[in-house]
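# Survey of secondary and tertiary structure
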Amino acid sequence: MNGVVVIDGKEHALRFSVNHVCVMEETEGKALPALMDGSLLGMRALLWCGLMEEGITRQQAGEMLQCYFTDGGSVKELARVLAQALSDAGYFHLSEEEG
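So, a few notes on the structure that sits alongside this text. Being a predicted model, the structure only gives us computed values, none of them experimental. (Residues numbered from 1 in each chain as written. Predicted model: local features only at pLDDT ≥ 70, side-chain atom pairs only at ≥ 80, totals over all residues. Heavy atoms only, no water.)

### What to know about the overall build of the chain
Counting secondary structure elements, the chain contains six helices and two strands. Element order for the chain, N to C, with α for helix and β for strand: β-β-α-α-α-α-α-α. For 99 residues, the compact-globule formula gives about 13 Å, and the C-alpha radius of gyration of the chain, at 13 Å, lands near that figure. Projecting the C-alpha coordinates of the chain onto the three principal axes gives extents of approximately 40 × 25 × 25 Å. A burial count over the chain gives 36% of its 99 residues as buried. Only carbon and sulfur atoms are counted for the fraction: they give 51% of the accessible area of the chain, which is about 5,700 Å². If the 7 positive side-chain charges of the chain are averaged to one point and the 15 negative ones to another, these points end up 5 Å apart. (Helix = DSSP H or I, 4+ residues; strand = E, 2+ residues; numbered from the N terminus. Rg over C-alpha atoms; globule rule 2.2 N^0.38 Å. Buried < 20%, exposed > 50% of the residue type's maximum accessible area, 1.4 Å probe, protein only. Areas by Shrake-Rupley, 256 points an atom, 1.4 Å probe, with all protein chains shown as cover. Lys, Arg positive; Asp, Glu negative; His and termini not counted. Charge placed at Lys NZ, Arg CZ, Asp CG, Glu CD.)

The structure is reproduced here in structure tokens:
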């Protein structure tokens, strides 16, 4: 597990495996950094990627986003949770050390 997001009162463990990130990148036609632009498309893709082990679809990830926002969640907060989970998964350690 790389992080947790709470949607509709339920905790969902985020897991960003290399294979899942590759599937997301192939499906979206964009690399991981490009999907972290704060757009709804990117957030849906990242949420879907992090929850692939739950077997959710992109459509379901979009519905989960809608529920998250309807329940008062913000784009900024979700972006922070997703970015932290990706960092915890090790995707950004090299760039941080180089900086």
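### Observations regarding the side chain of asparagine 2
By the element assignment, asparagine 2 lies in the segment before strand 1 (3-7). A relative accessible area of 15% means that asparagine 2 is categorised as buried. Polar side-chain contacts of asparagine 2 include one of 2.7 Å to the backbone nitrogen of phenylalanine 16. Other than its neighbours up to four places away in sequence, asparagine 2 contacts Leu14, Arg15, Phe16, Ala85, Asp88 and Ala89. (Polar contact = N/O pair within 3.5 Å; in protein donor to acceptor, adjacent residues only side chain to side chain. Contact = heavy atoms within 4.5 Å.)

### Considering the packing of aromatic side chains
As enumerated under the stated definition, the model contains one aromatic pair in all. Consider the rings of tyrosine 68 and phenylalanine 69, whose centres lie 5.6 Å apart with planes at 75°: the pair is edge-to-face. By relative accessible area, phenylalanine 69 is classed as partly exposed at 24%. Sitting over the face of the ring of tryptophan 48, arginine 58 holds its NZ or CZ atom 5.8 Å from the ring centroid. (Phe/Tyr/Trp six-rings, centres within 6.5 Å; stacked < 30°, edge-to-face > 60°. Lys NZ or Arg CZ within 6 Å of the ring centre and 35° of its normal.)

### Things to note about a nonpolar patch on the surface
A grouping of Met1, Val4 and Val6 is seen on the molecular surface, where their side chains present a nonpolar patch of about 270 Å² in accessible area. Position of methionine 1 among the secondary structure elements: in the segment before strand 1. (Patch = residues over 30% accessible without salt bridge, like charges linked within 9 Å, V, L, I, M, F, W, Y side chains within 5 Å. Salt bridge = Lys/Arg side-chain N within 4 Å of Asp/Glu carboxyl O.)

### Remarks on helix 1 (residues 18-28)
Residues of helix 1 that are buried: His20, Val21, Met24 and Glu28. Take helix 1 and look down its axis: the buried residues cluster within an arc of 100°, on one side only. Set apart from the buried face of helix 1 by more than 90 degrees, the exposed residues are Val18, Asn19 and Glu26. On its buried face, helix 1 sits against helix 2 (32-35), helix 3 (40-50) and helix 4 (58-70). Just downstream of helix 1 lies glycine 29, where phi reads positive at about 70°. (Arc of directions from axis to C-beta.)

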